[in-house]
Amino acid sequence: MNILIAEDNYVSRLLVKKTVEKIGHRVMEAENGKLAWQMFLEHSPEMVISDWEMPEMDGMELCRKIRSHTGKAYTYIILLTAKDQMSDLVEVFEAGADDYILKPFKHEELNSRIKTGERIISLESRHHKIQEELTLKNKKLDDALKNLKFTQAQILQSEKMASIGQLAAGMAHEINNPIGFVSSNLDALNDYMKEIRALFMAYEKLSKTLETTELLPPTIGEQVQTIADHREKIEIDYIMEDIPELLNDCRDGTGRISKIVGDLKNFAHPGNEKQMLVDINEGLKTTLNVLSNELKYKTIVTKEFGDVPLVQGFPQKLNQVFMNILINAAQAIEIKGEITILTKTENHDAVVSISDTGYGIEKKYISKIFDPFFSTQKIGTGTGLGLHIAYNIIEEHKGTIQVTSTVGKGTIVTITLPGK
């Protein structure tokens, strides 16, 4: 298999090259995105491994160009990046990349991702052959071809979600360990400060006694005065009051990090194969925590969570529905807007309403928004699978999903799930 490596850093490019050649693939090298695009057009490699940030053309632009290219064969794209924010990862997939690896990478990880790409390329190749054979034999089989194409896209989507799950599990493990000892050290530091404070108060008492004592030896008197001057200079009373508050702030910060990591792990975990009772409000809270960085810069999120019944279902799948809808809502807002999430009970059912103040959807498109690959967004900013996947998941849970929208005012997505 021919693999194109686009990386401006010679050492990084060499490390990737060695890994690729070691597992028996042919390598082409490009030191910037512009050269990589020219080599792609000339040689049509089956796989591209590209750095995100490069001169002349970055990896994201290269990815979009490859995806817009009308070549016959499918090209599997892996992006190398040091960025690890959720918004960054969403941007990677929306640009059309199939996978990503965080820098610095391990050879075993890159090897595993390449093998995943080989399987996907093989599936795409077989799908393409089936497409050609069916087209030649009978044009009436176009619907079957569309179904195969959608099945293939779902496989790619599953691979992406699996990658996010692996990333979340690894992040949780790597972050929770240092958070644990930082939290433990903060507790120990708090205990030490109590002892130091008690000792300091004893010194303070002695110092004040000496300050009022007459006929002290000159050297002792000078030292007592030096201590008094320094105490006043550093505002010791303020410091002694501020230290406990700083420690409390640190403990609150580590607690918030632990909560975010836990929510990310729970969100991306594949979950059980059997359905369970799900708290819709908790699922929405988890999803909002995971997407906080994606939403906070463009939107004000208002939550009105009512008392709703538990529903029978798969929590991770329902969280994926909420994520798809919330991302769509954020992308529909151009500069600054609002997203309102409302939950309530109607006829023993749990109802979730997610509304935005975005640009809205034209009436003629409302009937098509759940169709696979249909999107009202700009080319390259979405796959057109989000709402279709959401529709299938809600149907699997024996619920309904409806959309109402007004151009220029916004969109409302309403989900109804049978309560228990």
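Here the residue numbers are simple positions, counted from 1 along each chain's written sequence. Restriction of local features to residues with pLDDT of at least 70 applies here, the model being predicted, together with a cutoff of 80 or more for giving and counting side-chain atom pairs; totals for whole chains, interfaces and linings are based on all residues. Heavy atoms from the whole structure form the basis of all side-chain values; hydrogens and water molecules are not counted.

A look at the side chain of Thr75
Helix and strand definitions here come from DSSP, where helices need a minimum of 4 consecutive H or I residues and strands a minimum of 2 consecutive E residues; each element is numbered from the N-terminal end. Within the element layout of this structure, Thr75 appears in the loop between helix 3 (59–68) and strand 4 (76–81). Nitrogen and oxygen atoms within 3.5 Å of one another constitute a polar contact, given that in protein one can donate a hydrogen and the other can accept it, and given that sequence-neighbouring residues count only through two side-chain atoms. A distance of 3.4 Å separates the side chain of Thr75 from the backbone oxygen of Pro45, its partner in a polar contact. Here, two residues are considered to be in contact whenever any of their heavy atoms come within 4.5 Å of each other. Setting aside residues no more than four positions away along its own chain, Thr75 makes contact with Phe40, Pro45, Glu46, Met47, Val48, Ile66, Arg67 and Asp98.

Details of the packing of aromatic side chains
Each aromatic pair joins two rings of Phe, Tyr and Trp (for Trp, the six-membered one) with centres within 6.5 Å, and gets the label stacked for planes under 30 degrees apart, edge-to-face for over 60, and tilted for any other angle. Using the criterion set out here, one finds three aromatic pairs in the structure. Ring geometry for Phe93 against Tyr100: centres 5.6 Å apart, planes inclined by 65 degrees, an arrangement best described as edge-to-face. Each member of the pair, Phe93 together with Tyr100, is buried. Over a ring means this: the NZ of a Lys or the CZ of an Arg is within 6 Å of the ring centre and within 35 degrees of the ring normal. Here the guanidinium or amino end of Lys83 rests over the ring plane of Trp52, the centre of that ring lying 4.1 Å away. Here the guanidinium or amino end of Lys317 rests over the ring plane of Phe314, the centre of that ring lying 4.8 Å away. Three labels apply to residues, based on accessible area from a 1.4 Å probe with only protein chains included: buried if under 20% of the type maximum, exposed if over 50%, partly exposed otherwise in between.

Let's talk about a negative patch on the surface
For patch building, the residue pool is restricted to those with more than 30% relative accessible area and no salt bridge; the joining distance is 9 Å between like charges and 5 Å between nonpolar side chains (Val, Leu, Ile, Met, Phe, Trp, Tyr). All accessibility values rest on the Shrake-Rupley procedure with a 1.4 Å probe; residue burial counts only the protein chains present in the view. Here, a salt bridge means any side-chain nitrogen of Lys or Arg that lies within 4 Å of a carboxyl oxygen of Asp or Glu. The charge count includes Lys and Arg as positive and Asp and Glu as negative, but it does not include His or the ends of the chains. By convention, the charge on Lys lies at NZ, on Arg at CZ, on Asp at CG and on Glu at CD. A contiguous patch of negative charge on the surface is contributed by Asp237, Glu241, Glu245, Asp249 and Asp252. Inspection of the secondary structure assignment puts Glu241 in helix 8 (residues 236–268). Look at Glu241 and you get exposed, because its relative accessible area is 56%.

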